[in-house]
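Structure assessment
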Amino acid sequence: MLVDMHVHCTELKNLESYSQGYLFVCVAEELETSRAVVELSRRFHFIKPCVGIHPWNIARSSIEEARILMEQAVSDNVKCVGEVGLDSKFLPETLTRQREVFKVFLDYAKEYDLVLNLHTAGTHREVFQMLKTWRVEKAYFHWYTGPEDLLKELVDNGYFIGVNPAWKIQEKHYKIISKTPLDSLLTESDAPYQYKGLSLKPELVNDSLDLLARLHNLDRRVVEEKIEENFKRVFKQ
Ligand SMILES: [Zn+2]
């Protein structure tokens, strides 16, 4: 099975075509897409929903909205929160509000033992410190491009690092992937995002698995199984 740990399913046109051979973790961007991914997970067995408010949408949302969203998620038995986090790189002007809303998600993640599907552009260390303060155990750093010295701390704390196909053109990300133990990695696409001319799509998870097989000198099938195991571990299946 190909694991896509971070995909914007409500924006994918041909979602059903992935129903064989893929495991999707569908992230949401606000209230409406949070409802939509939960609905999708009821229709399709290969989908796990994450609910949340993307840091880029914080200006249009509130702490109250985050609470309402999470209360609904708890009653729907949702196990993952995302895409959530902090962004000081692209949206520094709402950072104060971002922190207030993110704290709501941390509270719920701690109380209900949820997986955090994290966006941490420019804020890797701050988000890591918050996870430690809240004693959140299950977190996934989507498309990690943070400091290499922080990487070891993330791994030592049992957090997972996202392998995005952007490694094909983004040297910093390639370096991160090559330095992370296989036990701490999960594959993703972030589809349908466009990154510097690269169309990110779930099929590219194949290329990431080939890369990991080369880097670790393992059979490609072994790597695929390993990533699936990591997926089960983060969701404690
Ligand atoms: Zn994303």
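These numbers were taken from a predicted model, which means no experiment stands behind them.

1. Structural notes on the UniProt feature "binding site: a divalent metal cation 1" (unreviewed entry) in the chain
Under the feature "binding site: a divalent metal cation 1" (unreviewed entry), the UniProt entry names His 6, His 8, Glu 83 and Asp 190. Annotated residues spanning 185 residues; largest pairwise C-alpha distance 10.4 Å, indicating a single compact cluster. Lining of the largest pocket among the annotated residues: His 8, Glu 83 and Asp 190. Within the element layout of this structure, His 8 appears in the loop between strand S1 (2-7) and strand S2 (22-26). Using a relative accessible area of 8% as the deciding quantity, one classes His 8 as buried. Setting aside residues up to four positions removed in sequence, His 8 forms contacts with Val 27, Glu 29, Glu 83, Asp 190, Ala 191 and Pro 192. Position of Asp 190 relative to the elements: it lies in the loop between strand S8 (185-187) and strand S9 (194-195). Engagement of the side chain of Asp 190 in a polar contact is seen with the side chain of His 8, the distance being 3.0 Å.

2. Some remarks on the sheet that holds strand S7 (residues 160-163)
Ordered by their spatial adjacency, eight strands build an open sheet running S1-S2-S3-S4-S5-S6-S7-S8, and the pairing between neighbours is parallel. Two strands in the sheet have a free side with no partner beyond their single neighbour: S1 and S8. Between one strand axis and the next, the sheet turns through 25° on average, direction left out of account. Relative to S8, S7 is paired through three bridges, and the arrangement is parallel. If you follow Val 163 over to S8, its bridge partner there is Thr 187.

3. Regarding the state of the cysteines
The term disulfide refers to a covalent linkage connecting the sulfur atoms of a pair of cysteines. Throughout the structure, instances matching the rule amount to two disulfides. Covalently, Cys 9 is tied to Cys 26 through a disulfide, its sulfur atoms 2.0 Å apart. Between Cys 9 and Cys 26 the disulfide shows an S-S torsion of about -70°. By sign, it is left-handed. You can see Cys 9 sitting in the loop between S1 and S2 and its partner Cys 26 sitting in strand S2, a full 17 residues away along the chain. Each member of the pair, Cys 9 together with Cys 26, is buried. Here Cys 50 is linked by a disulfide to Cys 80, with a sulfur-sulfur distance of 2.2 Å. Since a negative S-S torsion denotes a left-handed disulfide, the Cys 50-Cys 80 link at about 75° is right-handed. Highlighted residues: Cys 50 in strand S3 (residues 47-51) and Cys 80 in strand S4 (residues 80-85), separated in sequence by 30 residues. What makes Cys 50 buried here is its relative accessible area of 0%. Sequence-ordered numbering of the bonded cysteines in the chain gives a disulfide pattern of 1-2, 3-4.

4. Concerning the pattern of salt bridges
Taken as a whole and assessed by the stated rule, the structure comprises 16 salt bridges. Among the salt bridges present, the one from Arg 125 reaches Asp 149, with a minimum N-O distance of 3.3 Å. You can see Arg 125 sitting in helix H4 (residues 124-134) and its partner Asp 149 sitting in helix H5 (residues 148-156), a full 24 residues away along the chain. For Asp 149, a relative accessible area of 53% corresponds to the exposed category. The shortest N-O distance in the salt bridge between Asp 210 and Arg 220 comes to 3.2 Å. Of this pair, Asp 210 sits in helix H7 (residues 205-216) while Arg 220 sits in helix H8 (residues 220-234), and the two are ten residues apart along the sequence. In this structure Asp 210 comes out as partly exposed when scored by relative accessible area, which is 32%. On the accessibility criterion, Arg 220 (25% relative accessible area) is partly exposed. Connected through shared salt-bridge partners, Glu 39, Arg 42 and Asp 76 make up one network.

Parameters at a glance
Residues numbered from 1 in each chain as written. Predicted model: local features only at pLDDT ≥ 70, side-chain atom pairs only at ≥ 80, totals over all residues. Heavy atoms only, no water. UniProt positions renumbered as here; feature names shortened; annotations may be inferred. 1 Å grid on protein atoms, 1.4 Å probe; cavity = no way out; pocket = protein on both sides within 12 Å on 5 of 7 lines; lining within 4 Å. Helix = DSSP H or I, 4+ residues; strand = E, 2+ residues; numbered from the N terminus. Buried < 20%, exposed > 50% of the residue type's maximum accessible area, 1.4 Å probe, protein only. Contact = heavy atoms within 4.5 Å. Polar contact = N/O pair within 3.5 Å; in protein donor to acceptor, adjacent residues only side chain to side chain. Pairing = 2+ DSSP bridges. Axes fitted to C-alpha atoms, helices over the stretch in contact; angles between N-to-C directions. Disulfide = S-S within 2.5 Å. Salt bridge = Lys/Arg side-chain N within 4 Å of Asp/Glu carboxyl O.

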